[in-house]
Amino acid sequence: MILEAAMLTVRPGMEEEYEEAFRQATEIIASMKGYISHELQRCLEVKGKYLLLVKWETLEDHTIGFRQSNEYQEWKKLLHHFYDPFPTVEHFENIPLL
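An account of the accompanying structure is given in this report. Remember, it's a predicted structure, so these values are computed and weren't measured experimentally.

## Brief notes about the overall build of the chain
Thought 1: A count of helices and strands for the chain gives three helices and four strands.
Thought 2: Helices and strands appear in the chain in the N-to-C order β-α-β-β-α-α-β.
Thought 3: Buried positions account for 35% of the 98 residues belonging to the chain.
Thought 4: Carbon and sulfur atoms make up 53% of the accessible area of the chain, which amounts to about 6,600 Å² in all.
Thought 5: For the chain, the distance from the average position of its 10 positive side-chain charges to the average position of its 17 negative side-chain charges is 3 Å.

Structure (structure tokens):
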């Protein structure tokens, strides 16, 4: 399992519109091959700051399967105009501790 993490900064005053657009975009990402789950967290200290966490079966499910799909073009139309600056997305793998 791969964890995709992105710190998102939404343009001032667009937070409610963004959250509604993200609700719509949820259907897109949830339909993709290799998708496991996702969550969007709103920062309590900084208005307009969000944390997106998405679990994928493999890195390629995100970087190729999703990012190179027609569905991603719809995702971009719904969400990308809200971000300033555009977010950096990173991928993580679990380290077994026990």
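## Regarding the pattern of salt bridges
Thought 1: Scanning the entire structure with this criterion turns up five salt bridges.
Thought 2: Taking the shortest distance from any N to any O, the salt bridge between Glu-19 and Arg-42 comes out at 2.9 Å. Highlighted residues: Glu-19 in helix α1 (residues 15-30) and Arg-42 in strand β2 (residues 35-42), separated in sequence by 23 residues.
Thought 3: Between Lys-33 and Asp-61 there is a salt bridge, with its nearest N and O atoms 3.4 Å apart. Placement of the pair is Lys-33 in the loop between α1 and β2 and Asp-61 in helix α2 (residues 59-66), with a sequence separation of 28 residues.
Thought 4: The class of Lys-33 is exposed, set by a relative accessible area of 66%.

Rules and cut-offs
- Residues numbered from 1 in each chain as written.
- Predicted model: local features only at pLDDT ≥ 70, side-chain atom pairs only at ≥ 80, totals over all residues.
- Heavy atoms only, no water.
- Helix = DSSP H or I, 4+ residues; strand = E, 2+ residues; numbered from the N terminus.
- Buried < 20%, exposed > 50% of the residue type's maximum accessible area, 1.4 Å probe, protein only.
- Areas by Shrake-Rupley, 256 points an atom, 1.4 Å probe, with all protein chains shown as cover.
- Lys, Arg positive; Asp, Glu negative; His and termini not counted.
- Charge placed at Lys NZ, Arg CZ, Asp CG, Glu CD.
- Salt bridge = Lys/Arg side-chain N within 4 Å of Asp/Glu carboxyl O.

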